Amino acid sequence: MSNENRQGVFPFHPSQPIQPSPGKPGDDHQKHSDRNKDDDKTKASMESVKELGANNIPQVQSSIHCLSIVGQVEGHMVLPPQNKTTKYEHLIPQLVALEQAKEVKGVVIMLNTVGGDVEAGLAIAEMIASMSKPTVSVVLGGGHSIGVPIAVAADTSMITPTASMTIHPIRLNGLVIGVPQTYEYVEKMQDRVINFVISHSNVSQEKFREFMFRAGELARDIGTVLIGQEAVEAGIISSVGGLNEAINILNKSIEGNGEYVQ
Amino acid sequence: MILYTPIQLEQVLQGLDEMKSAKTKQVMISGVPALVQVEEDGSNKLVKLLSTDPEHYMRPELVPGVQVKI
């Protein structure tokens, strides 16, 4: 299919005009291969416009990397295509790369998730928690269910004033058979989430369980919705803030490590 | 596997039955081993990378879901 037939594809304008630069005659070969590299880059950005509807911003080398976790956290099962998902098997090697790369000084994690697979979520949360580099998480629209442990996994967690976090019990919906065993299994899964959250934030186990089983707050469920400041008062999130605050905190902790150079 | 989400499960799993078991094959994309799904029109959609090099996962042209040419 040609580009003209696809919706949402605009003619491509390179962000920087290609200019001949003065140089030694011997540089020609080098320049040529650079141009090829640029072509590859523009090709890649065209692909992402076509396939994902996302436009690549001109690449700026940054010492901070941004990891966004959106939609459903997809784990052991591929979800039907109407779900927007974050695939954990792709995120985990990315976290390894970020931990290992010398030029990456800090990671900011942007969360807007409706939860998802318990084990995939906990895996991402454990990876973030065990990173040696400074990490800051920002809950943007929502950080629900399994988004809660991911949010608290970062060194500093933030929430925007309007963002919400739903805390509710884990229910049986997996492919598990056997009633008494199943009950215990779900209890254990729930304890894993609770233990992670209380050990990475200032909320107490009693308080978190109370949020989880509170009746009369959610229309079709038990549990609690915490909005912005409420999540901070509960001790789950460190502070209310947005992008500016998150980047400032990250830069400060990078400076603290004696590595930050601007 | 347990899903922990405030969204109704019926809504999340809707259409699960119609999901055909997709035809996948293992290929090399510019030196990176990957699993691609063969679409009905013959194009290839990247499902996941099979590489053990974490740097490969940082490459913008190798994000799951993109169309790849082999």
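Above: the structure in question.
Residues numbered from 1 in each chain as written. Chains lettered and ligands numbered in written order. Predicted model: local features only at pLDDT ≥ 70, side-chain atom pairs only at ≥ 80, totals over all residues. Heavy atoms only, no water.

Caption draft 1: Here's a closer look at the overall build of chain B. For chain B, the count of helices and strands is 1 helix and 5 strands. Start at the N end of chain B and walk to the C end: the helices and strands fall as β-α-β-β-β-β. For chain B, the C-alpha radius of gyration of 15 Å lies well beyond 11 Å, the compact-globule estimate for 70 residues. C-alpha extents for chain B along the principal axes are approximately 40 × 30 × 20 Å. The 70 residues of chain B split such that 31% are buried. Contacts in chain B between residues far apart in sequence, at least 24 positions, make up 18% of those at least 6 positions apart. Charged side chains in chain B number 7 positive and 9 negative. The centres of these two groups are separated by 8 Å. (Helix = DSSP H or I, 4+ residues; strand = E, 2+ residues; numbered from the N terminus. Rg over C-alpha atoms; globule rule 2.2 N^0.38 Å. Buried < 20%, exposed > 50% of the residue type's maximum accessible area, 1.4 Å probe, protein only. Contact = heavy atoms within 4.5 Å. Lys, Arg positive; Asp, Glu negative; His and termini not counted. Charge placed at Lys NZ, Arg CZ, Asp CG, Glu CD.)

Caption draft 2: Looking closely at helix 6 (residues 205-213) of chain A. For helix 6 of chain A, every residue scored as buried is listed here: Phe208(A), Phe211(A) and Met212(A). Here the buried residues of helix 6 of chain A occupy an arc of 100° about the axis, which is enough to place them on one side. (Arc of directions from axis to C-beta.)

Caption draft 3: Region of the structure containing the pairing of strand 6 (residues 164-167) of chain A. Residues and elements named next belong to chain A. By the alternation rule, side chains of strand 6 split into Ser164 and Thr166 and Met165 and Ile167, which are all buried. Note that strand 6 and strand 7 (residues 224-227) share 4 bridges and pair antiparallel. What sits directly across from Met165, in strand 7, is Leu226. (Pairing = 2+ DSSP bridges.)

Caption draft 4: Layout of the pairing of strand 4 (residues 135-143) of chain A. Residue and element names in this part refer to chain A. Across the 9 residues that make up strand 4, a large majority, 7, are buried. Pairing between strand 3 (residues 106-117) and strand 4: 6 bridges, direction parallel. By the bridge assignment, Thr113 is partnered in strand 4 with Gly143. For the segment spanning strand 3, helix 3 (residues 118-129) and strand 4, crossover handedness is right-handed. (Right-handed = clockwise from strand over helix to strand, strands pointing away.)

Caption draft 5: Focus on the interface of chain A and chain B. Contacts between the two partners involve 46 residues from chain A and, on the opposite side, 29 residues from chain B. Contact between chain A and chain B buries roughly 3200 Å² in total, counting both sides, with carbon and sulfur atoms accounting for 67%. Where chain A meets chain B, there are 0 salt bridges. There are 10 residue pairs in polar contact (both at pLDDT 80 or more) connecting chain A and chain B. Tallying contributions element by element places helix 2 (residues 88-100) of chain A first for the side of chain A that touches chain B, with 8 residues. When the residues that make up the side of chain A that touches chain B are grouped by side-chain class, the tally is 23 nonpolar, 16 polar and 7 charged. (Buried area = accessible area lost by both parts, 1.4 Å probe. Salt bridge = Lys/Arg side-chain N within 4 Å of Asp/Glu carboxyl O. Polar contact = N/O pair within 3.5 Å; in protein donor to acceptor, adjacent residues only side chain to side chain. Nonpolar A, V, L, I, M, F, W, Y, C, P; charged D, E, K, R; others polar.)

Caption draft 6: Up close: the pattern of salt bridges. Residues and elements named next belong to chain A. Overall, the coordinates contain 6 salt bridges over all chains when judged by the stated rule. Between Glu119 and Arg192 there is a salt bridge, and its shortest N-O distance comes to 3.0 Å. With Glu119 in helix 3 and Arg192 in helix 5 (residues 179-200), this pair connects stretches of sequence that are 73 residues apart. A relative accessible area of 37% places Arg192 in the partly exposed class. A salt bridge links Arg214 to Glu210; its shortest N-O distance comes to 2.8 Å. Owing to a relative accessible area of 43%, Glu210 belongs among the partly exposed residues under this scheme. Here the residues in one salt-bridge network are Glu210, Arg214 and Glu217, joined through shared partners.

Caption draft 7: Region of the structure containing the sheet that holds strand 4 (residues 44-49) of chain B. Ordered in space as 2-3-4-5 (chain B), the 4 strands form an open sheet in which the pairing is antiparallel. Single-partner strands in this sheet number two, and they are strand 2 (24-29) and strand 5 (67-68) of chain B.

Caption draft 8: Local environment of the nonpolar core. Grouped together as the largest cluster of nonpolar side chains are 50 residues, with contacts concentrated most on Val118(A), Phe208(A), Ile236(A) and Ile237(A). For Phe208(A), the contacting residues outside a window of four places in its chain are Val148(A), Ile167(A), Ile194(A), Val197(A), Val203(A) and Ile236(A). If you look at the next biggest cluster of nonpolar residues, it comprises 11 residues, including Ala34(B), Val36(B), Leu62(B) and Val68(B). (Core = buried A, V, L, I, M, F, W, Y, C linked by side-chain atoms within 4.5 Å.)

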